[in-house]
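One letter stands for each residue in the lines below.
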Amino acid sequence: MAAYKPVIACDSGGPVETIKNEVVGFLCNPTPQEFSLSMAKLIQEPQMAKKMGENARHHVMESFSTKIFGQHLNRLLAYVARGKED
């Protein structure tokens, strides 16, 4: 996603939490048919694929950059520290 590319991933586990279906790529059942249909959509609609790639890059920078990670970590540490003071 960081490379401006849409993603095709299984609709379970970690991808469900990180991939916005039909916005940054596709979440699908783990079957060859589902994956091939998603690939075909991206090939047949290059403008959609380009837009999904742009959305994917934005999503990564907004949600998973080192700056954002640091902010989340700081909040968590502050929360933990407050809990221990009570």
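Computed from a predicted structure; not experimentally measured.

Analysis parameters
Residues numbered from 1 in each chain as written. Predicted model: local features only at pLDDT ≥ 70, side-chain atom pairs only at ≥ 80, totals over all residues. Heavy atoms only, no water. Helix = DSSP H or I, 4+ residues; strand = E, 2+ residues; numbered from the N terminus. Rg over C-alpha atoms; globule rule 2.2 N^0.38 Å. Buried < 20%, exposed > 50% of the residue type's maximum accessible area, 1.4 Å probe, protein only. Contact = heavy atoms within 4.5 Å. Areas by Shrake-Rupley, 256 points an atom, 1.4 Å probe, with all protein chains shown as cover. Lys, Arg positive; Asp, Glu negative; His and termini not counted. Charge placed at Lys NZ, Arg CZ, Asp CG, Glu CD. Salt bridge = Lys/Arg side-chain N within 4 Å of Asp/Glu carboxyl O. Patch = residues over 30% accessible without salt bridge, like charges linked within 9 Å, V, L, I, M, F, W, Y side chains within 5 Å. Core = buried A, V, L, I, M, F, W, Y, C linked by side-chain atoms within 4.5 Å. UniProt positions renumbered as here; feature names shortened; annotations may be inferred. Axes fitted to C-alpha atoms, helices over the stretch in contact; angles between N-to-C directions. Parallel < 35°, antiparallel > 145°, perpendicular 65-115°, else oblique.

Engineer: So what exactly am I meant to see when it comes to the overall build of the protein chain here?
Structural biologist: Scanning the protein chain for helices and strands turns up four helices and two strands. Reading the helices (α) and strands (β) of the protein chain from amino to carboxyl end gives β-α-β-α-α-α. Here the protein chain has a C-alpha radius of gyration of 17 Å; the compact-globule value for 86 residues is 12 Å, and the former is much larger. For the protein chain, buried positions account for 21% of its 86 residues. A separation threshold of at least 6 residues defines the contact pool for the protein chain, and within that pool the share at least 24 residues apart is 46%. Per element, the accessible surface of the protein chain, about 6,300 Å² overall, is 59% carbon and sulfur. Averaging the coordinates of the 10 positive side-chain charges in the protein chain and doing the same for the 9 negative ones gives two points 9 Å apart.

Engineer: Explanation requested: the pattern of salt bridges in the structure shown.
Structural biologist: Close approach of charged atoms lets side chains of opposite charge pair. The tally for this structure, following the rule as stated, stands at one salt bridge. With its nearest N and O atoms 3.9 Å apart, the salt bridge here joins E54 to K50. Of the two residues, E54 and K50 are both situated in helix α3 (residues 46-63); the distance of four residues between them amounts to about one turn of the helix. Its relative accessible area of 35% is what places E54 among the partly exposed residues.

Engineer: Looking at this structure, I do not really get a nonpolar patch on the surface. What am I missing?
Structural biologist: Together, F69, L73, L76, L77, Y79 and V80 make up a nonpolar patch on the protein surface, roughly 620 Å² of accessible area in all. Structurally, the position occupied by Y79 is in helix α4 (residues 66-85). Judged by its relative accessible area of 57%, Y79 falls in the exposed class.

Engineer: Quick question: what am I supposed to make of the environment of L76 here?
Structural biologist: Mapping L76 onto the fold places it in helix α4. The partly exposed category is assigned to L76, whose relative accessible area is 48%. Spatially, the C-alpha atom of L76 lies 40 Å from that of S36, the residues being 40 residues apart in sequence.

Engineer: Could you clarify how one ought to interpret the nonpolar core in this entry?
Structural biologist: For soluble globular proteins, the rule of thumb is that nonpolar side chains tend to be buried together. In terms of nonpolar packing, the biggest core is built from six residues, these being V7, A9, I19, V24, L27 and A56. In contact with A9, other than residues within four places in its own chain, are P15, I19, F26, L27, C28 and F35.

Engineer: Looking at this structure, how should I read the UniProt feature "domain: Glycosyl transferase family" (unreviewed entry) in the protein chain?
Structural biologist: Mapped onto this numbering, the UniProt entry gives "domain: Glycosyl transferase family" (unreviewed entry) at residues 1-58. Helix and strand shares over residues 1-58 are 53% and 14% respectively, and the end C-alpha atoms of the span are 9 Å apart.

Engineer: Sorry if this is basic, but what is going on with the packing of helix α2 (residues 32-44) against α3 here?
Structural biologist: Two quantities define a packed helix pair, namely the angle between the axes and the distance from one axis to the other. Between α2 and α3, the shortest axis-to-axis distance is 5 Å and the interhelical angle comes to 105°. Accordingly, the angle class assigned to the pair α2 and α3 is roughly perpendicular. Counting all contacts with α2, which are made through K41, L42, I43 and Q44, the residues of α3 involved are P46, M48, A49 and M52.

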